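The chain contents come next:
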Amino acid sequence: MADTTKDVKESYPLPAFQYIVDIPDMDEMYFSEASGMSVEYETITYKHGMSFITGPQIYPGQINQPTISLKKGVITKGSQLYDWVNNNAINGGIRKDVRISLVDSEGNPVVSWTADNALPTKLEAPSLSADSSDAAVETLELICKKISVEYH
């Protein structure tokens, strides 16, 4: 059981709605959702002569390249995300280290996930419907080399 205020702060989960997405060389943008920050390995199953008794041996293989999904509201100012995706077709892929940080109530990063060498692969326009009053939200998908986690 937590005895002090510090123990309580360190042992209770952080709220998932307080986060910052930092994309180098872009103005501050506000995203409504960030998902896909996972570390996952392929598995290699080896069945040897005694597998019928001991079971197969399972080993980690290559790391899978994560796909990150970022959603944000469409604004009248324009989209730097569209410029980034569009320039990839011209320049052969502009990669950036995208950082997603979970922050405390003062806005200080507590945990950060960095997508190393992230490359945008898809920018999806919002679904439009005359019978809905939802905000128009665009979705950016990134593929990256790996995800690294830092606890501040």
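Just so it is clear, the model here is predicted, and its values are computed rather than measured. (Residues numbered from 1 in each chain as written. Predicted model: local features only at pLDDT ≥ 70, side-chain atom pairs only at ≥ 80, totals over all residues. Heavy atoms only, no water.)

(A) How the structure looks around the overall build of the chain. Helix and strand counts for the chain come out as three helices and nine strands. Secondary structure elements in the chain, listed N-terminal to C-terminal, are α-β-β-β-α-β-β-α-β-β-β-β. Computed over the C-alpha atoms, the radius of gyration of the chain is 20 Å, more than 25% above the 15 Å expected from 2.2 N^0.38 for a compact globule of 152 residues. Based on the C-alpha atoms only, the size of the chain along its principal axes is roughly 65 × 55 × 35 Å. The proportion of buried residues among the 152 residues of the chain is 23%. Within the chain, contacts between residues at least 6 apart in sequence are counted, and of these 63% link residues at least 24 apart. Here the chain displays about 10700 Å² of accessible surface, and carbon together with sulfur accounts for 52% of that area. The centroid of the 12 positive side-chain charges in the chain is displaced by 6 Å from the centroid of its 21 negative side-chain charges. (Helix = DSSP H or I, 4+ residues; strand = E, 2+ residues; numbered from the N terminus. Rg over C-alpha atoms; globule rule 2.2 N^0.38 Å. Buried < 20%, exposed > 50% of the residue type's maximum accessible area, 1.4 Å probe, protein only. Contact = heavy atoms within 4.5 Å. Areas by Shrake-Rupley, 256 points an atom, 1.4 Å probe, with all protein chains shown as cover. Lys, Arg positive; Asp, Glu negative; His and termini not counted. Charge placed at Lys NZ, Arg CZ, Asp CG, Glu CD.)

(B) Layout of the packing of aromatic side chains. In total, this model carries zero aromatic pairs according to the counting rule given. Note that Lys-96 overlies the ring of Trp-84, its terminal NZ or CZ placed 5.5 Å from the centroid. (Phe/Tyr/Trp six-rings, centres within 6.5 Å; stacked < 30°, edge-to-face > 60°. Lys NZ or Arg CZ within 6 Å of the ring centre and 35° of its normal.)

(C) Molecular detail of the layout of surface pockets. Taken as a whole, the largest pocket spans an internal volume of roughly 340 Å³. Around the largest pocket, the lining is made up of 15 residues, and of these Lys-9, Glu-10, Leu-14, Asp-104 and Val-110 lie nearest the centre. Elements represented by at least two residues in the lining of the largest pocket include exactly helix 1 (5–11) and strand 7 (109–124). Per-class residue counts for the lining of the largest pocket are eight nonpolar, three polar and four charged. The volume enclosed by the second largest pocket comes to roughly 200 Å³. Along its surface, the second largest pocket is lined by Asp-27, Glu-28, Met-29, Tyr-30, Lys-72, Gly-73, Ile-75, Lys-77, Gly-78, Ser-79 and Gln-80. (1 Å grid on protein atoms, 1.4 Å probe; cavity = no way out; pocket = protein on both sides within 12 Å on 5 of 7 lines; lining within 4 Å. Points joined across faces, edges and corners; volume = space filled by probe spheres on them. Nonpolar A, V, L, I, M, F, W, Y, C, P; charged D, E, K, R; others polar.)

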